[in-house]
Amino acid sequence: MPYLSPLKNSQVSDSADEIVGRLEDVLVKVKPGEYSALEYIVIRKRRHKKRIIIPYEAVENFSREEISLRSLYSKINILETPPDGYIFLNRDVMDQQIVDVAGARVVRVNDLRIGDFEGKMCVLGIDVSLRGLLRRLGLTWIDFLGLFKVNLIDWRKAQPVKGMLKLDSVSKDLTRLHPADIANIVEDLSLKQGSSLVLSLDKNMAARVFEEIDPEIQKILISRLSPEHAARISERMSIDELVDLLQSLPKHQSKQLLEYVEQERIKKVNKLLSYEDDTAGGLMTTDYLSGSPEDSVAVTVEKIRQLSENFRSINYVYVLDDKGRYKGVVSFRTLLVSDPLDSLKNIMKKSIHLTVLHPDQSIKSVAHLMTKYDLNSAAVVDQDNKFLGVVTVDDVMRVLVPNA
Amino acid sequence: MLRFMDKKNTKEIKKKKLWPKLLLIMSVIGPGIIAGTADNDAGGIATYAVAGSQFGYHLIWILFLTTFVLAITQEMGARLGIVSGKGLAALIRENFPFRATFFIILLSFIANWANILAEFSGVSAVANIYGIPNWLFVLSSAGLISWLVISGNFKNIQRIFLTSSALYFAYVFAGFMSHPDWSAALKSIVVPSWIPTKDFLFMAIALIGTTVTIWGQFFIQSYFAEKGVRTQDLNWSRADVYLGSFWTNFVAFFIIVATAGTLYVHGVTITDAADAAKALEPFAGVLAKHLFAWGLYNASMLGAGVVTISTAYTITEAFGWEGKVNAGFKESSSFYKLFLFCIFSTALVVLIPNFPLVPVLVTSQALNTFVLPILFFFLLKLLNRKDIMGDNKNGLSLNVFGWISILILSGLNLAYLGYLVFNIIK
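Here the structure is a predicted model, which is why all the values come from computation and not from measurement. (Residues numbered from 1 in each chain as written. Chains lettered and ligands numbered in written order. Predicted model: local features only at pLDDT ≥ 70, side-chain atom pairs only at ≥ 80, totals over all residues.)

1. Describing the overall build of chain A
Each helix and strand counted, chain A has 17 helices and 19 strands in total. Against the compact-globule benchmark of 22 Å for 404 residues, chain A has a radius of gyration of 29 Å, which places it well outside the compact range. Split into buried and exposed, the 404 residues of chain A put 40% on the buried side. (Helix = DSSP H or I, 4+ residues; strand = E, 2+ residues; numbered from the N terminus. Rg over C-alpha atoms; globule rule 2.2 N^0.38 Å. Buried ≥ 20, exposed ≤ 12 C-beta atoms within 10 Å, placed from the backbone.)

So this is what it looks like as structure tokens:
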């Protein structure tokens, strides 16, 4: 099976068996979801410091036994400088980190598997195994029992890291991963690369990924981003996550970040900041959908349509009166099956029959109540029954099962 | 039933990777200080104690020199880490041939492993001083370190680290209690003296090798890289590194003074740190003995922890196994496996009866000084790369200092090798 590493520094000869030089590198173009064909080879000329670049079409044989050109060296079109938009396999991929998109992890490239695909010599896979390392050392014979298995990652499912974590060059497969998986990848990368990956994502995704990142790394990352970028991310973060972040930052930094947050959100943030961390108040979010008792189902559904961008895991509409008092709750399911002309007050579950939380209730009792009554979310109200926010089951889970 | 915890605690537990957890502790104290403190580990204390007892104040000027070498090389490592955002092992792997990477990582691993061995021999020595059964004390200490690092109870680690840093003042007290000849001691800082014997040369090499270390070079860079220090804070990190370099040699000075003022003056020779603790008693009082012994235990444990973390981290980084730290539970990851391997293999080796500990430790220190120039060579190459360092490339003067350090180290190595060869021929 051909690998790239044994070919490096092999002699390249032309059709007259004249030695041209030694193979130094191979240029490919990375296209998402495709095996990259070898397009140019870089040759270090004999007794010259000069490097020349030859199109891969001019190559006859490309194997460990022989690398040879189809014609005489003098008849080949030679490039002096590398064309734009290509990456160097040895310089930019070999020994560098890549993102294994399927496995949602970051690995180091030990070798590259090349081979024929649809009549073209392509990079097919990335060897990340110990056997790849032994091959690099020329010590494969040590493993005569075949204990070390080759572990290949499909080239199409890999995202090179070096110089490639910029807008538009990040593969769609990667951005389609779950935010928690992307967050894992960001944590694995170096800070620089991690932050450029975050910045390559669209606003909403970036915010969601950011929320999933380990708080300690979050703190470091945000201080590395420019204020504008930090603002762009914090703008789309949910209020409770933003508050957690602000609390963990040193004063001057959180102040700086707050300067970019809208006035309305600041009010909410300040309110949340006033609750203790380990209470329902500290746990709740103030991103919720609400309606008045007189609203019709049709109006409410339209509202959901318009606002769903800004709200994520919300499955209920909370019904509040004009003084902001908690009246009842309507699930999306109820909305779906009700008469569009009916008003919310007729279909809602009345708050007096529901379990409500108080802001100073401890996490322990919140979890207890939510488990007991099988609640996905619960409203938090003050002593005048004024609606304050919502605690969802995932907020609680995150505290209870922090290592996930 | 689920266990409940308050949110503050869980936030600390949530860390998936070890490194960020360590950062948390060390956000209080700078990395330079940590490296500097852990530098005075069991091997260091033994070397200083023996150096003082054998050669009195004659070797103190070497400390003065190593302070500079340490400060310069650590500053370069810190800068490389800050600007590139990567550890030294990763950078070497990415920018040099794989065989070279493998070679340097392998040598570093061997030298580090022997270094950890030295830490447990320090633990064992403390057991001897107090007559505690060796196996019990060494194994429970190994268990304690593993538990502290793997469970990641950071409040405890932080407390322990702060206490143990403070414990280094034990040596300063021990130094004062030995009533040394202060004027001679201070004069010897700047006035070089040389005794043309093999032992003196070896001791000079050992002094440098125990202070300027391979693991320290990897540690400081990874630390700064992962801490996310910004390029504009380079000056702050510089100050931290310089302070750490000063601190490590400041403590070393007092250890040498303590044994020089007592043992050397009375012609008592010792071969290790435990000897030093026992031998100090008649001259400097029973308190000095206890201070010395507990300082040694503290240094051994701290060294074992930091050197092992640095070693495991270096290897996972070089071979690309760091990504798997997240896979499944912690124990299954390469990092923790390597960590536990280093801790328990060394602890067990120390317990082998009649194990030739001293030759192994001596060889390890020689290996350390042998590998250092190679490592510095890589370091200098990387620091002169415009594509990595940008405007923070090494200036001319730093390059000159760097090369001088490499030359001094290589020169000392060659001289020592020359002595060895000469002796064999003779």
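2. Some words on the nonpolar core
Counting 123 residues, the largest nonpolar core has Ile255, Ile256, Ala273 and Leu296 of chain B as the members making the most contacts within it. If we skip the residues at most four places from it in the chain, Ala273 of chain B touches Ala42, Ile45, Ala46, Ala49, Gly122, Ala125 and Leu296 of chain B. Counting 69 residues, the second largest nonpolar core, distinct from the first, contains Phe62, Val93, Leu242 and Leu245 of chain A. (Core = buried A, V, L, I, M, F, W, Y, C linked by C-beta atoms within 7 Å. Contact = placed C-beta atoms within 7 Å.)

3. Describing helix H18 (residues 357–383) of chain B
Helix length check: H18 of chain B, at 27 residues, gives a terminal C-alpha distance of 38 Å against a target of 39 Å (1.5 Å per residue), a fit within 8%. Roughly 25° is the biggest bend found in H18 of chain B, and it falls at Leu372 of chain B, with proline Pro373 of chain B one to four residues downstream. (Expected span 1.5 Å × (residues − 1). Bend = angle between axes of the 7 residues up to and from the residue.)

4. Details of the environment of Ile129 of chain B
Residues and elements named next belong to chain B. Note on placement: Ile129 falls in helix H7 (residues 98–130). Here the alpha-carbon distance between Ile129 and Lys289, two residues 160 residues apart in the chain, equals 9.4 Å. Not counting residues up to four positions away in its chain, the partners in contact with Ile129 are Ala274, Ala277, Lys278 and Ala293.

5. A closer look at the domain arrangement of chain A
We note that the domain assignment places domain 1 (5–91), domain 2 (178–274) and domain 3 (282–400) within chain A. The distance between the C-alpha centroids of domain 1 of chain A and domain 3 of chain A comes to 64 Å. (Domains from an automatic or database assignment.)

6. A few points about the sheet that holds strand S13 (residues 158–160) of chain A
All names here are of chain A. If you walk across this open sheet you meet the three strands as S9-S8-S13, and the pairing is antiparallel. Of all the strands in the sheet, the pair left with one neighbour each is strand S9 (105–108) and S13. Going across the sheet, the axis of each strand differs from the next one's by a mean of 35°, ignoring polarity. As judged from the four bridges shared by strand S8 (residues 97–100) and S9, these two strands associate in the antiparallel manner. Bridge pairing links Val99 to Val106 in S9. This element, helix H4 (residues 179–188), spans S8 and S9 of the sheet and lies at about 40° to S9. (Pairing = 2+ DSSP bridges. Axes fitted to C-alpha atoms, helices over the stretch in contact; angles between N-to-C directions.)

7. Describing the confidence of the model for chain A
Chain-level pLDDT for chain A is 84 on average; 96% of the residues reach the 70-or-more range. Mean pLDDT across the secondary structure elements of chain A bottoms out at helix H11 (residues 263–273) of chain A, with 76, and peaks at strand S11 (residues 120–127) of chain A, with 92. (pLDDT = per-residue confidence, 0-100.)

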